[in-house]
Each structure stands twice: as structure tokens, then as C-alpha cells.
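# Examination of the molecular architecture
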Amino acid sequence: ITNKCNLNCRYCLRNFWEFENTRFLNLKEIKQVVSNYQTSRYVLYGFGEPFFHPEIKEILEFLGERGELLLITNGTLKEVELYWEMVHLLGFSADT
């Protein structure tokens, strides 16, 4: 949902791929993607820290209402404490 991250881990693929700009998928875009699939499990994991997303609460609410939600985080932002109960399974990157 974003390529923005607050860490600069040396092993991260973000160090090998050049991102022109920080990008956030907005809630409308996420709803469009989700509407194309029949699933009850959603995984938020990728090249950025999901809790940096300005619409993270709304995204978690939307996906959580549709099914099981797994989120991988580096665990360093205060938003983890605010929203962790909205996630069915919260994973932490052990390498950060």
C-alpha cells in the first residue's frame, strides 16, 4: 500500500530498486483492486511500512470487514499500538 519506510535496512530490496517518488495507494484504489478478487484473506506486506499510510485506519477497517487481515510491520511506529487490534495476525520483521 506504500513504498515509504522509516528504516534503511541494508538487505531491503528498496536499496536495489529506485523509486522515483513515495507512493501510497489510496483507499479508492485499494477498493478497486480488492473488488477484482474473491478472497477472505488480505496480506499487507511489501516494500514499505504500512503504518506510514495516511489512511491506514480506514484501510484496516475496510479489509477487516471483508475477511482475515495479516499485516507485516517493522514495529517502530506508534500507529502499531493504535491499530494492532484491527489486524487478525500482526507480524514483525525480525531483521529490522
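Structural data are supplied above this passage.
Please read these numbers as outputs of a predicted model, since none were measured by experiment.

## Some details on the packing of aromatic side chains
Evaluation of the coordinates by the stated rule reveals zero aromatic pairs. A cation over an aromatic ring shows up here: K4 above the ring of F52, its NZ or CZ 4.7 Å from the ring centre.

## Observations regarding the side chain of T73
Among the secondary structure elements, T73 is positioned in strand 2 (residues 68–73). Filtering out sequence-adjacent residues up to four positions away, T73 remains in contact with E49, F51, V80, L90, G91, F92 and S93.

## Topic: the nonpolar core
It is characteristic of soluble globular proteins that their nonpolar side chains tend to be buried jointly. Grouped together as the largest cluster of nonpolar side chains are 17 residues, with contacts concentrated most on L44, F51, L60, L63 and L69. Those elements that provide at least two residues to this core are helix 1 (27–35), strand 1 (41–44), helix 2 (56–66), strand 2 and helix 3 (79–83). The element that contributes the greatest number of residues to this core is helix 2, accounting for five residues. Not counting the four nearest positions on each side in its chain, L69 is found in contact with Y42, L44, L60, L63, G64, M86, V87, H88 and L89.

What counts, and at which threshold
In this numbering scheme, every chain counts its residues from 1 along its sequence in written order. Owing to the predicted nature of the model, reporting of local features is limited to residues with pLDDT of at least 70; listing and counting of side-chain atom pairs is limited to 80 or more, with chain, interface and lining totals taken over all residues. To obtain the side-chain values, all non-hydrogen atoms of the structure were used and water was disregarded. Only the six-membered ring of Trp is used, alongside the rings of Phe and Tyr, when aromatic pairs are assigned; centres must lie within 6.5 Å, and planes under 30 degrees apart are stacked while those over 60 apart are edge-to-face, with the rest tilted. Think of it as a cone above the ring: NZ of Lys or CZ of Arg counts as a charge over the ring if it is within 6 Å of the ring centre and within 35 degrees of the ring normal. Labels follow the DSSP assignment, with helices taken as runs of H or I lasting at least four residues and strands as runs of E lasting at least two, numbered in each case from the N terminus. Throughout, a residue-residue contact means that at least one pair of heavy atoms, one from each residue, lies within 4.5 Å. Residues grouped as a nonpolar core are buried Ala, Val, Leu, Ile, Met, Phe, Trp, Tyr and Cys residues, joined through side-chain atoms within 4.5 Å. Residue burial is assigned from relative accessible area. The probe radius is 1.4 Å, only protein chains are included, and a residue is buried under 20% of its type maximum, exposed over 50%, and partly exposed in between.

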